[in-house]
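Observations on the three-dimensional arrangement
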Amino acid sequence: MAGAQVSYCVDMDKSVIIGNMEKRGWVSVGPDDDWQFYWASTQTCRNLFSVDSGYRMNDFQLINHFPNHYELTRKDTMVKNIKRYRRDLEREGNNLAEKSPEGRYLYLDFIPTTFILPADYNMFVEEYRKNPNSTWIMKPCGKSQGSGIFLINKLSKLKKWSRESRTVFNPNLNKESYVISRYIDNPLLLGGKKFDLRLYVLVTSFRPLKVYMYKLGFCRFCTVKYNDSAREMDNLFVHLTNVAIQKHGMEYNNIHGGKLSVENLKLFLEMSRGKAASDKLFNEINWLIVHSLKAVAPVMVSDRHCYECYGYDIIIDNDLKPWLIEVNASPSLSSTTIADRILKYRLINDIMNVVIPPDGIPDVKWNKIPSPENLGHFMLLLDEECAAMADAQKSKKQRQ
């Protein structure tokens, strides 16, 4: 693979990306040249695929985002698509959409109760009044790295924010939308601190769905011990795990970066809760990832030139139930520690080995079924094409 002469283009100065291209002996070119492999920002990708650009890709070009990735990676559209997916399955009478007597989904209850503001304001108020002691978390739909997030436990606080930001909760006004979700107030703690999981998920096709999970995910910790009292509600170092926020904390550790490998988390859970409970948790995490992708697959433009590595953010509660918080289209490739840099270099290398055919030349006609040795640290979660072939062979044998 290393000997193939491939032209590549990047529009971000990240050494973990460029280092991987150079290691393969690839040639750097500009965006207006004949590139074969483009590691682009989401905006560049949208521009390339826009009708106005008139750009047409050939069979030997690959790019690292799907045109409308935001169906999964914007906080509001992700929630809308998952809610629609559940309703569609319910309408079909599918057992996956079965509910408990209390009205909760038995198998698809993996996102916290969430509303989109301003459009769903009245529905939110109705839900809030059922349990007025609950805490909710507000997030702007189009921002990342913890920007603009805050917690509320009183309607008056939400109304005060609305007045101060000079907005009115009127769905007809064109302004920035927010999601408001029930806060997971019983998070699993390690050393008394809240954490979330950052998991890397590679999708090489949405129709048929082909999904890979990276085994080298990690936990991101808050720097201050968890405290759910009202006086700590505005303390982001207690509640938000984003590295962009935590690295400014007094307790931030530059050596380990407030991170713990998923493998070490598994080890801890097997010792403290038992192997069966740990295995169940990670099976449920795989389940929620697959079904979040199935939820967006019908609306995603599954262009054969595209693949995408998503950063899944998941919180585990104290009952070992996983909750999907959000999905990132451009998970950070910046390195805060030496271990971080090694992990992200490996990640890019393994992505390239999965999406590029064995001869090392990008080609969209390839069947996108990598050999086991090319998976690196990825494991296959689902390949609908291979599953359908296996089912067909099984049916054939049963008829014989």
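A brief look at the structure comes next. Small disclaimer: the values here were computed from a predicted structure and weren't measured.

1. A word on the side chain of Thr114
Turning to its location among the elements, Thr114 is positioned in strand β5 (residues 114-117). Judged by relative accessible area, Thr114 falls into the buried class, the value being 5%. Within the local environment of Thr114, its side chain forms a polar contact with the backbone oxygen of Pro112, the two atoms lying 2.7 Å apart. Setting aside residues no more than four positions away along its own chain, Thr114 makes contact with Val79, Lys83, Val179, Ile180 and Ser181.

2. Focus: the sheet that holds strand β6 (residues 136-140)
The antiparallel open sheet is built from four strands, whose spatial order is β5-β8-β6-β7. Each having just a single partner strand, β5 and β7 (150-152) make up the two edges of the open sheet. For this sheet, the mean angle separating the axes of adjacent strands, direction not counted, is 25°. As judged from the three bridges shared by β6 and β7, these two strands associate in the antiparallel manner. Its bridge partner lying in β7, Met138 is registered against Phe150. Here helix α4 (residues 75-92) sits on the sheet and contacts β5, β6 and β8 (178-182); the angle it forms with β5, its principal contact strand, is near 130°. Of the strands in this sheet, β5, β6, β7 and β8 are in contact with helix α5 (residues 121-130), which crosses β5 at around 140°.

3. A word on the pattern of salt bridges
It is possible for side chains of opposite charge to pair when their charged atoms get near one another. Summed over all chains, the structure comprises 22 salt bridges. For Lys266, the salt bridge is made with Glu263, and the minimal N-O distance between the two is 3.8 Å. One end of the pair is Lys266 and the other is Glu263, both in helix α9 (residues 262-272) and three residues apart, which spans about a single turn. Given a relative accessible area of 26%, Lys266 falls into the partly exposed group. Note that Lys344 is salt-bridged to Asp340, the shortest N-O span being 3.3 Å. You can see Lys344 and its partner Asp340 sitting in helix α11 (residues 338-355), four residues apart, about one turn around the helix. Taken as a pair, Lys344 and Asp340 share a single burial class, namely buried. A cluster of three or more residues bridged by salt bridges with shared partners is formed by Asp196, Arg198, Arg220 and Asp313.

Conventions and cut-offs
- Here the residue numbers are simple positions, counted from 1 along each chain's written sequence.
- Local features in this predicted model are restricted to residues whose pLDDT is 70 or higher, and side-chain atom pairs enter the listing and the counts only when it is 80 or higher, whereas totals over whole chains, interfaces and linings include all residues.
- Note that the side-chain values use all heavy atoms of the structure and ignore hydrogens as well as water.
- Secondary structure counts use DSSP, requiring at least four H or I residues in a row for a helix and at least two E residues in a row for a strand, with both numbered from the N terminus.
- Only protein chains enter the accessibility calculation, which uses a 1.4 Å probe. A residue is then buried if its area is under 20% of the maximum for its type, exposed if over 50%, and partly exposed in between.
- N or O atoms closer than or at 3.5 Å make up a polar contact, with two conditions inside protein: a donor-capable atom paired with an acceptor-capable one, and, for residues adjacent in sequence, both atoms drawn from side chains.
- Here a residue-residue contact requires only that any non-hydrogen atoms of the pair lie within 4.5 Å.
- By the convention used here, strands pair only if DSSP detects at least 2 bridges between them.
- To get an axis, fit a line to the C-alpha atoms, keeping to the stretch in contact for a helix; angles then go from 0 to 180 degrees between the N-to-C directions.
- Any carboxyl oxygen of Asp or Glu that lies within 4 Å of a side-chain nitrogen of Lys or Arg is treated as forming a salt bridge with it.

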